[in-house]
Amino acid sequence: MIESTLFKGISFLSSQGQVQQDVLVKDGKIVLIEPSIKEHAEQIINEPGLLLMPGVIDPHVHFRDPGATHKEDLYSGPKAAAAGGVTSFFEMPNTKPSTTTAALMDDKKKLASQKSLINYNFFIGATEDNIDELLNVENVAGIKIYVGSSTGSLLVDDSESLQRIFEKANKLIAVHSEDEATIKRNLETYRGSSDVHDHLNIRSTEAALICTKRLLELAKRTQSRLHICHLTSKDELDLINDYALKNVTTEVSPQHLLLNAPDCYESLGTLSQINPPIRERYHTDALINGLKNEQISLIATDHAPHTLDEKLKQFPNAPSGMPGIETSLPLLLTLVNKGRFSLEQVIKWMCEGPVACFNIQNKGYIKVGYDADLVLIDLKKKHQLSNKKTLSKAGWTAFDGWNCEGSSVATFVNGQMVFRENDFFEDIKGKEIFVGLQR
Ligand code: DOR
Ligand code: ZN
Ligand code: ZN
């Protein structure tokens, strides 16, 4: 274990804009930021050409452990994440078994403490009858409700149960918002179709809108803390805007920003099949605007790995979901280089946004006293994303062949280097993320 690291004359973004200073890290924390630090450090990083940014916090991933570890596990997922500049994650409860009790939550945290290279915490999954577990479990990312069913067996869509959870919840409620009844009806209409384009007709904009309206009404009435996962439609954004509730936050995934229908279904087929689906261009444009005008709080990958064999089954037999934890930062940095976004915006959406939304303690900023979760990036590094380079057990990416400019070069978790170029330092383990009061 390295006890202290000094970043010599490193550039980073601060509240004063881009500055070049020395940053001293000791015992996992940032302890000093000054123009010229004389103090001795065990390790010195002198990389004037690189930029330092807070480690990416990805608050929506599926690492499949326990239960489907042939797709991913709490070792492979965090390793892929570290390579992508991600230093912390929140993982979803749709594992096998689903994470629906405090005891199962403890099991998962224990697994992560033994296997994960980066920092971790987890959502507890809501069922119709586990309200006591939801209320009593401590220090979790939040409560996750699948109001429409997706991968796994979790589903709560009856009004009575939803009302009870919203009224009583003492923590943030994150939702997968698609109306189950509408989806079921559409499934009847498109029964027998093997055309992946029908994914959009089955998981329609209407299904998302009906469910989101229902959830906004509940949040308004109960004043609970609602977080709507992976927004996909202009319609929902407009509705959320109309409600203008201070207790509601939202997220969007890179794939919903960068891919659009019908092109993705032509070129990628079932590889682009995810829930809720990738929609037409005007939705994508609205999501980008929603981020820019601060209507959307953050970017989360919804890293949902399935193997290529599973994904190449014909529609509707392929599972929904795609991996994304390794490619999110390079894709966003590429957009910075293209002049579409600023680096400030990317840091706001991928580091500061999650901190504010979930009330994560001591992370997301390069500031004295904060955890030394840091990424060295080379903003000008040109590279090509490819299935071959993928570290996730999924073994593929929807962005295969995409040319990127900008990449993580080294990743530090609690002051320890876990990744550098192609090397991993595997004796390092992440820590449980501390989440403050959410409601
Ligand atoms: O496409 C999806 N895949 N959407 C979800 O909500 C779940 C996820 C998964 O776990 O595979
Ligand atoms: Zn979801
Ligand atoms: Zn998800």
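Structure: above.
Here we summarise the structure given alongside this text.

Reading the values: rules and limits
- Residues numbered from 1 in each chain as written.
- Chains lettered and ligands numbered in written order.
- Predicted model: local features only at pLDDT ≥ 70, side-chain atom pairs only at ≥ 80, totals over all residues.
- Heavy atoms only, no water.
- Helix = DSSP H or I, 4+ residues; strand = E, 2+ residues; numbered from the N terminus.
- Rg over C-alpha atoms; globule rule 2.2 N^0.38 Å.
- Buried < 20%, exposed > 50% of the residue type's maximum accessible area, 1.4 Å probe, protein only.
- Donors = N, O, S within 2.8 Å, 3.2 Å for Na, K, Ca; no water.
- Salt bridge = Lys/Arg side-chain N within 4 Å of Asp/Glu carboxyl O.
- Core = buried A, V, L, I, M, F, W, Y, C linked by side-chain atoms within 4.5 Å.
- Contact = heavy atoms within 4.5 Å.

Scanning the protein from terminus to terminus reveals 14 helices and 17 strands. For a compact globule of 439 residues, the expected C-alpha radius of gyration is about 22 Å, and the protein comes in at 21 Å, within 12% of that figure. Dimensions along the principal axes, computed over C-alpha positions, put the protein at roughly 70 × 45 × 40 Å. For the protein, with 439 residues in total, the buried portion stands at 62%.

Any two of four tetrahedral donors ideally make an angle of 109.5 degrees at the metal, while pairs among six octahedral donors ideally make 90 or 180 degrees. Around the zinc ion (ligand 3), the protein supplies H60 (NE2), H62 (NE2) and D302 (OD) as donor atoms, at distances of 2.0 to 2.1 Å. Spacing between the donor residues of the zinc ion (ligand 3) along their common chain follows H-x1-H-x239-D. Separation of the zinc ion (ligand 3) from the zinc ion (ligand 2) amounts to 3.6 Å. Taken as a pair, H60 in strand 6 (residues 56-61) and D302 in the loop between strand 13 (298-299) and helix 12 (308-311) lie far apart in primary sequence, 242 residues in all. Taking relative accessible area as the criterion, H60 reaches 1% and is therefore assigned buried. The class of D302 is buried, set by a relative accessible area of 11%.

Moving on, we come to the pattern of salt bridges. With the rule as written, the count across this model stands at 19 salt bridges. One salt bridge connects K109 with E432, and the closest N-O pair in it is separated by 2.9 Å. Pair noted here: K109 is in helix 2 (residues 102-115) and E432 is in the segment after strand 17 (423-424), with a separation of 323 residues, a long-range link.

A general trend in soluble globular proteins is that nonpolar side chains are found buried together. Within the largest apolar cluster, 78 residues are counted, with the highest numbers of intra-cluster contacts made by I145, L216, L226 and M350. A total of six residues in this core trace back to one element, the largest contributor, which is helix 14 (residues 343-358). Not counting the four nearest positions on each side in its chain, L216 is found in contact with L226, I228, L239, I240, Y243, L245 and V248. Listed in part, the 22 residues of the second largest apolar core include A261, C264, L268 and F315.

Following K96, the chain continues to P97 via a peptide bond in cis, the omega torsion being 0 degrees. Looking at where P97 falls in the secondary structure, it is placed in the loop between strand 7 (86-91) and helix 2. Of the consecutive residues F315 and P316, the connecting peptide bond is found in the cis state with omega at 5 degrees. In this model, N139 sits at a positive phi of 45 degrees, which is unusual for a non-glycine residue. Position of N139 among the secondary structure elements: in the loop between helix 3 (131-136) and strand 9 (142-146). If you check the backbone angles, A244 has positive phi at about 45 degrees while not being a glycine. Take A244: it is sitting in the loop between helix 8 (234-243) and strand 12 (248-252).

Taken by themselves, the reported measurements are silent on function.
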